[in-house]
Every structure is written in C-alpha cells, then in structure tokens.
Protein chains: 2
Amino acid sequence: MTVDQTATATDPSGGRPVVPTRSSHRPLGSGEIAFVAGFWAHLQSTNAAATLEHCEQWMERLGWLANLDHAADGTTGIERPGWSFSDSEVYKLIEAMSWEFGRSGDPAIDAAIRRLTARVGRAQDSDGYLNTYYGHPQRPPRYSDLETGHELYCAGHLLQAAVARLRTAGPDELVEIARRAADHVCDMFGPDGLQGIGGHPEIELGLVEFGRAVDESRYVEQARLFLDRRGHGRLGEIPFGPAYFQDDVPIRDAATWRGHAVRALYLSAAAVDVATEYDDVDLLAAVQRQWTASVARRTYITGGMGSRHQDESFGEDWELPADRAYCETCAGVASIMVSWRLYLATGDVRYADLIERTSFNIVATSPRSDGRAFFYANPLHQRVAGNAPDEDTVSPRAASSTRAPWFDVSCCPTNVARTLASWHTYAASVGERELTLLQYGSARVETTLGDGRAIGVTVDTTYPRGGTVTVSLDDPPAGALALRLRVPSWADGAVLDEGGRRRAVEPGLAVVDREFTPGEEIRLHLPMSPRFTWPDPRIDAVRGCVAVERGPLVYCLESIDLPDGVELDGIAVDPASQPVLRDHDRVEVQGRVLASGSGDANGDAPWPYQALAGSPDGASAIPLLLHPYHQWAERGPTAMRVWLPTPQPTTPR
Amino acid sequence: MTVDQTATATDPSGGRPVVPTRSSHRPLGSGEIAFVAGFWAHLQSTNAAATLEHCEQWMERLGWLANLDHAADGTTGIERPGWSFSDSEVYKLIEAMSWEFGRSGDPAIDAAIRRLTARVGRAQDSDGYLNTYYGHPQRPPRYSDLETGHELYCAGHLLQAAVARLRTAGPDELVEIARRAADHVCDMFGPDGLQGIGGHPEIELGLVEFGRAVDESRYVEQARLFLDRRGHGRLGEIPFGPAYFQDDVPIRDAATWRGHAVRALYLSAAAVDVATEYDDVDLLAAVQRQWTASVARRTYITGGMGSRHQDESFGEDWELPADRAYCETCAGVASIMVSWRLYLATGDVRYADLIERTSFNIVATSPRSDGRAFFYANPLHQRVAGNAPDEDTVSPRAASSTRAPWFDVSCCPTNVARTLASWHTYAASVGERELTLLQYGSARVETTLGDGRAIGVTVDTTYPRGGTVTVSLDDPPAGALALRLRVPSWADGAVLDEGGRRRAVEPGLAVVDREFTPGEEIRLHLPMSPRFTWPDPRIDAVRGCVAVERGPLVYCLESIDLPDGVELDGIAVDPASQPVLRDHDRVEVQGRVLASGSGDANGDAPWPYQALAGSPDGASAIPLLLHPYHQWAERGPTAMRVWLPTPQPTTPR
C-alpha cells in the first residue's frame, strides 16, 4: 500500500527529515509526536539545553564560523582553521537547531539560526557557490580535489539544513541560499557539466530531500546522476583504493557495504531516496541486499558499523574486533538514516529493530550525560583506562577511552545533535488506516491517518527501564483502526494485553485491528530480564565470549566495578549462571578470577604460547556488576568490556 | 666474562654487522662461518642471485637512484619521485650488497657497489650533508621537518652501509662519504648545535657502529646524545602522539615497547649499543625489561611485532589480532637486531630463541621463493584471498594477501636483503674458550677462540626439516673447549649424543666441556614432531583457538587445501587429535566442518548474536593439511589462518 504525498514548501506535520514522495508508511513530524518523559525526552532536553550551544561556542572559538566572515570579506589567507569540511559542521548545527525549534518553538533557537544564516549568506558567491576553503584569495581553486575536498559534501549538508528550516519555520533566507547553492551544483555537475562526483557522499541526500521540500525535480535528477556516475573509478587513485569511497562497484551491483562506513551509509541512504523517487525497484533491492549482508556479517552487537581505525571502514565479513572496533558515532547516525528510509519504503520493522539498537547503544552512548563531550569511536573493549578528558582541548578523533569536548575532525557532535533533535520522528508512522508505534517512550501522538481520520493517543512507559508500554487511545478515530506495535526481535515472550485479555505476540508487529473506544488502553509487555547473548562462531574476535543484554540495551563491565586487585583481563563469567537485574538498571553475573590479570606482570610466562590449553579455573567466584553500555565512562575513565570471556577448557578435549 | 675487542678499520673476521667494544661473546664474521646447504643457504643464494638485482632495477626504474644525480647536477625540482626516505633504500641495498660480497666475494657485486657509491658521492654537499629530498633547488630546506622528514634516518643507513663496506672490503670512497656525513651530523646536532632528534631512530645505530668501525668516539657520543634527548617531547606534535616515535618517555624509564614498531626496535637496538659502549648497566637493563614485557604480551607466535595497521604500532598488552596483524617485515628485522645485541651483551640464549622464531616465520616468510616479491605485513589470518600480484606494479604497503614486487614505501625488500646476506653471522659466537652454536644449518665454522686457539667444525643437518644436528670437530683446539649448543625453548625432550652416550638436555644450552679428538662428532637431537600450541587466555583475539608448530616453524591452513565447498571460516580442529607429519613438511590435523562457511550467505542468521551458544558440531570430520607459514601464498593467493578454532560448547555449561 502506498500513501501518496505531495511535497510542500512548509510541512504541516511540523517537520520531518525524510518525506518520500511515495512510501508504504508516512513518517510523523514534530507537530504530531512528542516524547514527554523518559530516556529520549531526557536526551532531547540535554541536547537542547547544552549541546547546541556547546557546538556553536566551539566553532566560534576555533574560527570555523569566522571562516564564513573571511570568505565574505575577501580576507581569506593561506592559513585557515579547520579541515576542508568544517563548513558542514555549521550546517549540521543549523539543521540540529532547526529540528529543535520544530520540537520546542524556542525563540532563542530561532534567533541563533537567523544569526548563523546571515553569516552563511554573506559567504555565498554570486553564482551560488558557497565554501570557505576553496575558491577565495590564497585558497585552492574550486573543485580542484573532488576526491577528498568535501565541497559537494558541504553543499549537501547545507541543503539538509535548509530542509529542516523550511519544514519547521517556513521559507526564509537559508532556503534561498540553499536554492542558489543547489542550482550552482546542478549547473556545474549536470548532464552537460563536469562529470565528477564528490569523494564523500552527502550531496545526493541533500539534493533529493531539498528537491522534495521545494518541489524541484531538477535537484532529484542531479542526485540520480551522481549516484549513477559512482562505482566506475571516476575518482582519482588514493592509497586506500576506490572501495574507500564506494567508487569500486556501482551501487546496484554491490553485494555488501565496504570502505569508509559513513560514506557507504550516506550513499545507501541517498540510493533509497532516489529509488523511491524513480520507483526503481532494482536499486531499492540492491540496498536491501547490502543491508541484509552487512547486518548479518559486518555489524557489532551495539549496532555499530565500521571495524577499522585506519580508514574508518567496514572490515571483511566477520571481522569485528571488540578492542579496536571503530564504530564511529556518525556511522551509527548514518545507519539509522538508511534503516529509516528502508522502513518507509518497505514497511519492514526489522529496520526499526536496528534503529532501536543503534540509537540506544551508539547514538545515546556518544554524548556524556551533560551533553558537552562525546565519543567519536565506540569500541566494545577498552584495555587501558585513558586519562580524564581535558575540557578545554580539541581531541584527535579516535581517542576513545573518554568522551571529548570537541575533535579536530568534529563530525560526531553535530551529527548527534541533529539526530537527537529529530529522534521522535522515527518513533511512529501512519498508513491509510494504520498507526504504527516503532520506538517506545512516554509520548503524545496526534496525527491524521492516510484516510483523513484524526487520531490521538498517549503512550506511557518507563522503557527501557521497564517493559510495559501502555497505549491510551484518548482520541481514537471513528471506525476501525489497525494499531500496530513493534515487538523487537529480542522480545521472545512478549505479551499483548487488551483490557485484561492477554495473548502472546511474536517479534515483528503486534496488531489490534478494530474499533476502539475513547480512553481504552492497550498494553504491550516486553520481557526485560537480562540475558546472555552469544556470537556467531565465525566472529573470531569474540569466540568463547558472551555478552549481556537487557531489552535493547547492551551491557558492559567496567574496571571501576571490580574489587581491588582484580584486573579486567583476568576474569571470566560462568555461562551456566543467570544474569540478575539489580538496582539502578545494573545487572549482576557470576564471574571467576582466572588469572592475576595485567597488573602483575611478574607472573607472566616469558612466552605466551604454550603446550597446555587455557589457564587454571580459579577457585574464587566473584559477582560482576554490569552497567548499560551507554553509561560507559560516565564515572571517569575505565577499562571496559562488552564481550565477557567464558572459561576455556584447560586441557585439550 | 668479557672479550675485549679492538675496533679496527678492516675486520679480519670477514665482516659482521655488530662488533661491540665489549661483549660476553664475540660474533663471528663472514670469513668465519658459512652455510653450505639447506634452508638458509638456499635463501642466501636466492637473495644474491635475484633480490639484489631486483631492488636495484626497481630503484632505477622509479627514479630513486636518479634523485642522486639530480641532487649532484642541481636539477632537482618541485616534483621528485619517492618518499623522503627513498635514499635509505639505496643505502640498505649497498649494505646488502656489501654483506653479500663479504659472503661470496663476487666481483660483479663489488662492481655494483662501486657504481652506486659513485652516484651517492656526487650527491653529497661539500659540507657533508647528503640527502636528495631536502636542501636543493625547489626542495624544502634541510632539517625543516625532523618529525617525519627522515634526513637523520637516511644518514644512519648510509653509515650502516659504510660499516658493511669497510668490514668486507676495506676503506674506500663510501667510507669517506660516510665519514663526511657523520661529521656533518655531529657538527649540526652536537652538544652546542641543534638540540633536535630524528623522528625515526636509525642515526643512532649508524653512528655507534660506524664509530666502532672507524674508531671514532665522537660518533658514539653523538648517538648517546640523541638517545638522551629522546623521550622528553622534543619532537613536534603529530596526530598519533609522541609515543609513535618514542618521544613520550625516556628509554630508561619505559616499561614496554610501544608506538611505531620499527622505530621502537631500532631505538632499542641503538640503546643496547650505547649501553655497551658506556658500560651503562641501567640502560641495558631498561631494554632487557622492555624486551621481556613485550615478548610476553605484545608479540605474535611468529615473532611478529606491531599489531596495528593505522600507525604500524604495537598495540596494548594482549592486543594481538590475527586477521589485522601488521607484523611488518622490517619490525621482524629490527627485532632480530635488538635480540642479537642483547645476546652479545648478556649471553642469554633466549634472545637467540626469538631470533630463530622471527627469522623462520617473518624474515623467511616475506620473500617469495624467487626472491622477487615480498610481504610487507605478515598477518596470521587472511579472510579473503586477494588477487594475484601484478609483477609490474608498485603496491601500497599493507596489501598483504600476496607478495608484491615493490612498494610505494619499500623498506622491506632491502631490509630482507641485508638481513639474509648477513644471517650466517647470527648463527654462532665465541668466548674465551667457548664456541656456541646458536642457529642450525649445514655450515663450516673456522674461527679463533678468545684465548687465541684456532678451531674448525663442520655442522651437518637438514634442520628444520629434520631435528638431528651433527657437529664434527674436524679441527678442535688443543686442550679443553666448551662446545655449547642452543636447545630451543620449544625443544622439550632434546637429546645430546656424544659418541653413543645419550643424555637428555633441557632448553637453554647443552654444553660439552672437555678436550675433543679430531673428527669427533657430537649430535643434538631436537624433537620435530608437530605439536599444538595454545595462547595465553588473555589474548582475546585467538581465544578458543590452537596453533600448530613443528620445531621453529609455525604452520598455517590455506583455503587452497580445503575440499570444494568447505570454507576456511567454517572449520574447526579437534584438539584431542594429534597433528601428524606428512610428506613435504606438511602436517595433518583432524578437523570438523562446523558451519557452511562464508560462501553460503543465504544460510546466515539475519542477526549474528543469538541466545544459544556455538554452532552445531558438524558430523563431517575432515583431515586438514597445513603448510609452514613461510610458504603461505606461494601457490597463489589464498585465505589462510594460523590460529585454528576449536569447537565451542553449543549450550552454556
């Protein structure tokens, strides 16, 4: 079933990042759904109260905003603060502010957007070109480095910022700036123009969505052109090879995600958009195939993607090291972008499953609880606790043992900010006569079904602390409604309660399709007992290990929770025991002390490879207290592991 | 016991890389020991017949040699082929040629050395400065980038080349060039000069050994200065941090090796040299401590060092991933350099144990059997077979699934060449009244004990194919001799046979201390049955896996040896079975097919983390045939693994 939607300049929903011209389910906007309490409402509040201002202050301090003024005033020079993509951080911040304005209507945020927009506008050249790194006095010429120059990437983020502004506040100067920039890109790179592509996909996403937002098919067509050009070795050679920026194989022909993870995922998200606009079933199927293959073999239990530090890339199948997991925060954001578009295109809730997993364990893990420091990489094992972060220092990007206030390459903070500010719009969708709840939190939903009937429901839950989700149909539509509740893939044993009538529901969708009486309550009970989870035996890096999960949350063991003298690498867990929920969402498992741990190097064998297997199964049992992974390092730098070793046989069996 | 040795301009031994002023054991030179047949003799022949010429041809073809001519002729320009350290490859080649000339006396090699020396000499500035990258028309100024510029590094390799030439052919033009270069370095960086250090240690090694060779203490003192300056953050900031080039902690205070592996190991080798020259017991103890800690926790079973691709560095303790093991060939060479110096300083044969392991499994693994292609990285697990090498293409350095003819950063081929050409000099040493055989191969030894008595022995063995080493005392000295034979650390059950009297000998040294009759034979029987070896339980990456070794050789399983339809990642070995030696040095172990392997993605679970442990223990048993790791990919690109999974429990225990 397809809901036709007309692209409009101002979005009556209150703003949504993705508004496909055709989709199986219509996404809700900021005016239709709001989290009122709980996990995500709290993160959104912190984002609004701290992170947005934090990002603006750092960009002002480092001169990334002043770069705009220098471009406007003709005062650029050989030296310029920031990487070639620093403009994009300004645009991502404006996008984040716009979604937040759509959510809260805070006039101070509106003022900040106008302030930033004015500086952006002054930096734009008369022909629409807008970039502070290239094409100015003493700067490299425009489009002189398509491989790594990020001009088109920056333009794409400008367009996404304008989409957010347009849909949450209506047309304004930013939208006009974006229109001129989009026209410039189409003029330069159109069918008769430069036949190049950008090394970092993003322009494609911006062009499609901006084209949808302002109803301009030329922009969508340009995105299609960029996609079709890619995969034919059009970009110049780089040491990492063409797979790094997905120029090795056309996206239609690729079997799996590979190369730089954020690049691969932005490209795939844009491909779903283009496939949707052109009803290109082959292209859609290609991305679905890549999603399936990559989720089965190249994704961490946290939802994290990208195994390698060296080139921030996917590894080979099953190459998922816990200790050197890169799992860039931005790749988590990008994964959610792909999955959301695939859900809208197909209605398959397994995409929403991955969104939930990635949101809780990557996106929510990155920001510190005060919203002023961030993880760039999200490894699943930290061998050595690092140093406490310096609140006043820019960090190299992959320093991962503590969250850092800002990065030399600082893509993650603004990506977290724009995702959190719009996260409620991923929580539900409507069809012709369906309301689907995809993500759970205490929320108010007031929307309109595809057939025009209004509906209002209230969701009440402490999820993911508790597993009961109560949906009150305060204002049900007249006539039958298909109320659909996602049952997560991990939720074996879920129960649906319709006024006392309880029935087991399987992972997938629990559907109640009938007339509802006003005030009627439907309850979904999700099993929230902590559980052990085992890896596929082909994931070499975590063979013989087990993880602990509870609901959508992955857990971890931190060194700070071990008794004195017990080292993190000297313990194992007893897989025959059962993990038990303790207070403050902590989980206890039964462990054993296997070796003296790294603290005592004197006990080491001189050579760590011996004729006897394993280590003695120490007599000392020890309870181990685990925290949700997203709380890692909130109490200071720690050594940490998600995957917990189980005792290995001590003699060959 | 210390053998005093006077540094002389021409080495009567026939040439040795390291001639400490003081040492517990005197190393033999090319004139005192020769391999006459077997494993190392064969590699040395191939090195002489193919690799030396191969390296010279590539450097000519790529313009790295012509860089010398341009510097001489004043025709340098903005463009220049090769990295800033390409001069060092010329010097390493000359060093390799010099050791080979010392070994064989081949006049064609002598002519090649003279040819290259003439071009090097023309490129030297009048003040002794010699570098084709810096300090010429349109080139960056001298010493403008000590962090990554490699000027001092190149100078160090020039000095090492001159040492080899001096000790194998006597003083010539190369020695004078080196003397001028060394004087220039001392003038520039002496106590009253620039207080800098080079980002890549090497100058220290060159200065000490050249100082020993030409009996010039100023050079040794300059090396000591460079060492003392390091570790105080004197070098500028780089993204990898100061540990990358060991400028984080003074070498006296460091607990373990860290940062870039080759840098760390060259520095430590130089530190042993300086400690020896100044009788600095604290400095020597510091390197011994770092060796012990790093061998116990940061070294692969192959002897490989350096876990990370990103910065070619050591990882944390126990961070030893098989699939992304970097194990740069040059780090193997450098590890041998450190261990050899530590053996000479201490007489402890565990250093010779590591030399043997690293030589067979890293140095001998790198070159293809024809000597014209090389591994740069030496991983212990290759998930996907790469493409066959293009014999005409320069490879990016870390392409590791096949050996490549040359690299963009081509440090490894010449490092292999100089190591193989001098490898026999690591095989034995003499003391006052001791002859110690450290490495085994069919060889002829004719040398002089510390007390002046001549001795001649013949060694006959097929080692490492067979385990019997026969030492014939053709020309024993008059009076008592301590004949000492190294018993490798893996050789539990070794037996020494003195004319039919057999006795068990422990790993370490088997000593026969008495008078010998001419022609008397002593036999060492080393146990060469293949064996399983298990990793320390703290090495996460290979938990639940076992390796197969035989003698000093690590074995590996290659995909080419699996039956059709069986994938490398779908098998496990039965650790209760016994590995069995088959023909052609192959070893058979009993395996099981656990999963369908990566070839059949359709059988994958959609999510690879499940509530049940392990995979079903397949009924199909399968014999698995392993080859020595050094033969990996000799039959074409393959997937490969050293560490073989054992079946994991399928339900929680």
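Residues numbered from 1 in each chain as written. Chains lettered and ligands numbered in written order. Predicted model: local features only at pLDDT ≥ 70, side-chain atom pairs only at ≥ 80, totals over all residues. Heavy atoms only, no water.

Student: In this structure, what is going on with the relation of the copies chain B and chain A? I would like to understand it.
Tutor: The two chain copies are connected by a rotation around an axis plus a translation along it. With an RMSD of 0.0 Å, the fit of chain B onto chain A corresponds to turning through 180° and sliding 0.0 Å along the axis. In the structure described here, the two chain copies are related by an operation that fits a two-fold rotation axis. Both copies contact each other with a shared surface, as 98% of the interface residues of chain B are interface residues in chain A too. (Least-squares fit on C-alpha atoms with pLDDT ≥ 70 in both. Contact = heavy atoms within 4.5 Å.)

Student: What exactly am I supposed to notice about helix α2 (residues 66-73) of chain A here?
Tutor: At 3.6 residues per turn, the α-helix brings residues three or four places apart onto the same side. Residues and elements named next belong to chain A. Buried residues of α2: N67, L68, D69 and A71, and no others. Buried residues belonging to α2 abut α3 (86-104) and α4 (107-123). Phi turns positive, to about 70°, at G74, one or two residues after α2. (Buried < 20%, exposed > 50% of the residue type's maximum accessible area, 1.4 Å probe, protein only. Helix = DSSP H or I, 4+ residues; strand = E, 2+ residues; numbered from the N terminus.)

Student: Whenever I open this one, helix α10 (residues 281-297) of chain B confuses me. Can you help?
Tutor: Between its first and last C-alpha atoms α10(B) spans 24 Å; for 17 residues at 1.5 Å apiece the expected length is 24 Å, and the two agree. Where the residues of α10(B) are buried, they touch α9 (261-278), α11 (329-346) and α12 (350-363) of chain B. (Expected span 1.5 Å × (residues − 1).)

Student: Just to check I follow, could you spell out the packing of aromatic side chains for this structure?
Tutor: Given two aromatic rings, one states the distance between the centres and the angle between the planes to describe the pair. What the rule picks out here adds up to 54 aromatic pairs over all chains. Measuring from centroid to centroid gives 6.3 Å for F360(A) and Y463(A), while their planes differ by 75°, and the two rings are edge-to-face. Of this pair, F360(A) sits in helix α12 (residues 350-363) while Y463(A) sits in the loop between β11 (454-461) and β12 (468-475); the two residues are 103 residues apart in sequence, bridging distant segments of the chain. Residue classification places F360(A) among the buried positions, given a relative accessible area of 1%. Taking relative accessible area as the criterion, Y463(A) reaches 2% and is therefore assigned buried. Consider the rings of W58(B) and W406(B), whose centres lie 6.3 Å apart with planes at 0°: the pair is stacked. With W58(B) in helix α1 (residues 39-61) and W406(B) in strand β7 (residues 406-407), this pair connects stretches of sequence that are 348 residues apart. Take W406(B): its relative accessible area is 0%, and that puts it in the buried class. (Phe/Tyr/Trp six-rings, centres within 6.5 Å; stacked < 30°, edge-to-face > 60°.)

Student: Where do I start with the interface of chain B and chain A in this structure?
Tutor: Many descriptions give the size of an interface as the accessible area lost when the pieces come together. In this assembly, 66 residues from chain B lie in contact with 65 residues from chain A. Between the two partners, chain B and chain A, sit 10 salt bridges. Residues R538(B) and D604(A) are paired through a salt bridge, measuring 3.1 Å at the closest nitrogen-oxygen approach. Linking chain B with chain A are 22 residue pairs in polar contact (both at pLDDT 80 or more), by the criterion used here. (Salt bridge = Lys/Arg side-chain N within 4 Å of Asp/Glu carboxyl O. Polar contact = N/O pair within 3.5 Å; in protein donor to acceptor, adjacent residues only side chain to side chain.)

Student: I keep staring at the environment of V587(A) and nothing clicks. Help me out?
Tutor: Residues and elements named next belong to chain A. Relative to the helices and strands, V587 is located in strand β23 (residues 587-593). Separated by 39 residues in sequence, V587 and L626 place their C-alpha atoms 5.1 Å apart. Those residues in contact with V587, other than ones at most four positions away along the chain, are P530, V548, R550, Y555, P579, V580, L581, R582, L624, L625 and L626.

Student: Which parts of the structure should I look at to understand the pattern of salt bridges?
Tutor: Side-chain pairs of opposite charge can arise whenever the charged atoms involved come near each other. Taken as a whole and judged by the stated rule, the model has 136 salt bridges over all chains. The salt bridge involving R298(A) is made with D317(A); its shortest N-O contact spans 2.8 Å. One end of the pair, R298(A), is in the loop between α10 (281-297) and α11 (329-346); the other, D317(A), is in the loop between α10 and α11, and 19 residues separate them in sequence. A residue is classified by how much of its surface remains accessible, and R298(A), at 8% relative accessible area, is buried. A salt bridge links R503(A) to E498(A); the nearest nitrogen and oxygen atoms lie 3.7 Å apart. Put simply, R297(A), R298(A), E316(A), D317(A), D536(A), R538(A) and D604(B) are held in one network by salt bridges that share partners.

Student: How do you make sense of the packing of helix α6 (residues 173-189) of chain A against helix α8 (residues 217-229) of chain A when you look at a structure like this?
Tutor: For any two helices packed against each other, one specifies the inter-axial angle together with the distance between the axes. Residues and elements named next belong to chain A. One can describe the packing of α6 onto α8 by two numbers: an axis separation of 10 Å at closest approach and a directional angle of 45°. Accordingly, the angle class assigned to the pair α6 and α8 is oblique. The element α6 and its partner α8 pack so that their crossing is left-handed. Across the interface between the two elements, R179, A182, D183, V185, C186, D187 and F189 from α6 touch R218, Y219, Q222, L225, F226 and R229 from α8. Taken together, the residues that form the contact of α6 with α8 break down as seven nonpolar, one polar and five charged. (Axes fitted to C-alpha atoms, helices over the stretch in contact; angles between N-to-C directions. Parallel < 35°, antiparallel > 145°, perpendicular 65-115°, else oblique. Left-handed = near helix turned anticlockwise from the far one by under 90°. Nonpolar A, V, L, I, M, F, W, Y, C, P; charged D, E, K, R; others polar.)

Student: It is not clear to me how the domain arrangement of chain A should be interpreted in this structure. Could you clarify?
Tutor: Residue and element names in this part refer to chain A. According to the domain assignment, chain A consists of domain 1 (38-236 + 392-426), domain 2 (249-365), domain 3 (432-525) and domain 4 (531-645). A straight line from the C-alpha centre of domain 2 to that of domain 4 covers 29 Å. Listed by partner, the interface residues are 13 residues for domain 2 and 16 residues for domain 4. With both chains or domains summed, domain 2 and domain 4 bury close to 1,300 Å², and 68% of this area falls on carbon and sulfur atoms. Looking at the side of domain 2 facing domain 4, the largest losses of area belong to I301, W318 and N361, adding up to 47% of the total buried there. Our enumeration of links across domain 2 and domain 4 arrives at one salt bridge. R357 is the salt-bridge partner of E549, the closest N and O atoms lying 2.7 Å from each other. Where domain 2 meets domain 4, there are three residue pairs in polar contact (both at pLDDT 80 or more). Element by element, the count of residues in the side of domain 2 that touches domain 4 is highest for α12, at four residues. (Domains from an automatic or database assignment. Buried area = accessible area lost by both parts, 1.4 Å probe.)

Student: Sorry if this is basic, but what is going on with the packing of helix α1 (residues 39-61) of chain A against α3(A) here?
Tutor: Residue and element names in this part refer to chain A. The contact between α1 and α3 brings their axes to 11 Å, and the two run at 150°. In this view, α1 runs roughly antiparallel relative to α3, as classed from their interaxial angle. Considering how the two elements wind past one another, α1 and α3 form a crossing that is left-handed. Across the interface between the two elements, Q44, S45, A48, L52, C55, E56 and M59 of α1 pack against E89, V90, L93, A96, M97, E100 and R103 of α3. Looking at the contact of α1 with α3, its residues break down into eight nonpolar, two polar and four charged.

Student: Sorry if this is basic, but what is going on with the nonpolar core here?
Tutor: Where a protein is soluble and globular, its nonpolar side chains tend to be buried together. By size, the foremost hydrophobic cluster in this structure holds 204 residues, and its most contacted members are F210(A), L526(A), V642(A) and W643(A). Ignoring any residue separated from it by four or fewer positions in sequence, one finds W643(A) in contact with I301(A), A322(A), L380(A), T533(A), W534(A), P535(A), V542(A), C545(A), V546(A), A547(A) and Y609(B). (Core = buried A, V, L, I, M, F, W, Y, C linked by side-chain atoms within 4.5 Å.)

Student: How should the pairing of β12(A) be read in this particular structure?
Tutor: For a regular strand, the rule is simple: side chains alternate between the two faces of the sheet. Residues and elements named next belong to chain A. Where β11 meets β12, five bridges bridge the pair, whose relative direction is antiparallel. Looking at β12, one finds that G456 is bridged to D475. Here six bridges tie β12 to strand β17 (residues 520-525), and the two strands are oriented antiparallel to one another. Across the sheet, T468 pairs through a bridge with H525, a residue of β17. (Pairing = 2+ DSSP bridges.)

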